[in-house]
Amino acid sequence: ELVRDAAGHWTAGDTLDWRRLPARVEAVVAEHVGRVPAQWQALLQAACVEGGEFTAGIVADAIGVAEADVVRALSGELSQHYQLVTATRVDRIGAQRWLRYRFRHALFETYLYQRLDAVTRTQLHEAIGAALESRYADRPAELPEIALQLARQFEKAGLYLKAAGYGLIAGQRAARLSAYREAGQLLTHSVTLLAAVPDSMERARLETNVQLALGAALLEQGWGTPDRARAFDRALALARQTGATT
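Here is what the cut-offs are and how they apply
Residues numbered from 1 in each chain as written. Predicted model: local features only at pLDDT ≥ 70, side-chain atom pairs only at ≥ 80, totals over all residues. Heavy atoms only, no water. Axes fitted to C-alpha atoms, helices over the stretch in contact; angles between N-to-C directions. Helix = DSSP H or I, 4+ residues; strand = E, 2+ residues; numbered from the N terminus. Parallel < 35°, antiparallel > 145°, perpendicular 65-115°, else oblique. Left-handed = near helix turned anticlockwise from the far one by under 90°. Contact = heavy atoms within 4.5 Å. Nonpolar A, V, L, I, M, F, W, Y, C, P; charged D, E, K, R; others polar. Pairing = 2+ DSSP bridges. Expected span 1.5 Å × (residues − 1). Buried < 20%, exposed > 50% of the residue type's maximum accessible area, 1.4 Å probe, protein only. Core = buried A, V, L, I, M, F, W, Y, C linked by side-chain atoms within 4.5 Å. Phe/Tyr/Trp six-rings, centres within 6.5 Å; stacked < 30°, edge-to-face > 60°. Lys NZ or Arg CZ within 6 Å of the ring centre and 35° of its normal.

S.K.: Any chance you could break down the packing of helix 9 (residues 160–176) against helix 10 (residues 180–194) for me, citing the residues and the numbers?
M.R.: The contact between helix 9 and helix 10 brings their axes to 8 Å, and the two run at 165 degrees. Comparing the axis directions of helix 9 and helix 10 gives the class roughly antiparallel. Handedness of the crossing formed by helix 9 with helix 10: left-handed. Residues Tyr160, Leu161, Ala163, Ala164, Gly167, Leu168, Ala170, Gly171, Ala174 and Ala175 of helix 9 lie in contact with helix 10, whose contacting residues are Tyr180, Glu182, Ala183, Leu186, Leu187, Ser190, Leu193 and Leu194. Taken together, the residues that form the contact of helix 9 with helix 10 break down as 14 nonpolar, three polar and one charged.

Below you can see the structure in the form of structure tokens.
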């Protein structure tokens, strides 16, 4: 649905369905997006896949364009003339500079994303995930901070084993922060993802760790709860299967 914010602007609500959107509104959004030159359409597609707030460098890496060219487009024509995006802030993390932008209206982001075909959407999610991984390659200790974002990108790319691995990292981080309910949800979802992955030693080892982390996260429910017992029982069975225990 459309939701009006405090400033009186119409934005996309959580349940926006373009099939039910008034034709007049969709036509206005389509006209705005359609005016953008073809060479920048791929940039906007990658930006909407990264999310509501996106990063110039990540988008650049995902589409194979120099970051400086992406910044010029975002801060120049796409912002000033076409008024599709706006700069939000600059974050400095170590030696890296992260230039953040967002779409001026969630309608633009939603329209662009829902017009992606299945192949393009999958490829872009994988490319965005890979770009994020690369940016943190020399800072593995900080990876848990973006693990949830990586898990979501790789899940949408259909890379469920990789998504479950980052889901484990995100769940462990939530547990360390005493967010046990969130940890349980993240780890349970990782178990669900792994159910769609073909059997292999790598999958079994990962699920062992996920189940152990899940059992620990469920401690808030009590020592002898069925869910907690099932998690540890499954971890033990997998450990025996992989030869991790006897």
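S.K.: Run through the sheet that holds strand 3 (residues 53–55), naming residues and quoting values.
M.R.: The strands that make up a sheet are held in pairs by hydrogen bonds between backbone atoms, and each pair lies either parallel or antiparallel. Pairing within the open sheet is antiparallel, and its three strands lie in the order 3-5-4. Each edge of the sheet is formed by a strand with only one pairing partner; in this case those strands are strand 3 and strand 4 (85–93). The average angle at which neighbouring strand axes cross in this sheet is 30 degrees, direction not considered. Note: strand 3 against strand 5 (residues 96–103), three bridges, orientation antiparallel.

S.K.: Tell me about helix 11 (residues 201–217), and name the residues and values.
M.R.: Its 17 residues give helix 11 an end-to-end C-alpha distance of 24 Å, which sits within 8% of 24 Å, the value for a rise of 1.5 Å per residue. Looking at helix 11, one finds that the buried residues are Arg203, Ala204, Leu206, Glu207, Thr208, Val210, Gln211, Ala213, Leu214, Gly215 and Ala217. In this structure, the buried residues of helix 11 make contact with helix 9, helix 10 and helix 12 (226–242).

S.K.: Describe the nonpolar core, listing the residues and the values that go with them.
M.R.: Counting 63 residues, the largest nonpolar core has Leu44, Leu74, Leu78 and Phe103 as the members making the most contacts within it. Top contributing element to this core by residue count: helix 2 (residues 38–50), with seven residues. Excluding its chain neighbours within four sequence positions, the residues that come into contact with phenylalanine 103 are Leu44, Ala47, Cys48, Gly52, Phe54, Leu84, Val85, Phe108, Glu109 and Leu112.

S.K.: Give a description of the packing of aromatic side chains that names residues and reports values.
M.R.: The final tally for this structure, using the stated rule, is four aromatic pairs. Ring centres of phenylalanine 54 and tyrosine 101 lie 6.2 Å apart, and the angle between their planes is 15 degrees; this geometry places the pair in the stacked category. Separated by 47 residues along the polypeptide, phenylalanine 54 in strand 3 and tyrosine 101 in strand 5 bring together distant segments of the chain. The interplanar angle of 50 degrees and the centroid separation of 5.3 Å between the aromatic rings of phenylalanine 54 and phenylalanine 103 together place this pair among those described as tilted. Here phenylalanine 54, found in strand 3, pairs with phenylalanine 103, found in strand 5; they are 49 residues apart in sequence, far enough to count as distant. Here phenylalanine 54 falls in the buried class, since its relative accessible area comes to 0%. Here phenylalanine 103 falls in the buried class, since its relative accessible area comes to 5%. Among the aromatic side chains, those forming a connected cluster through ring pairs are Phe54, Tyr101 and Phe103. The ring of tyrosine 113 carries arginine 121 above its face, with NZ or CZ at 5.1 Å from the centroid.

Coordinates in, geometry out; function isn't part of it.
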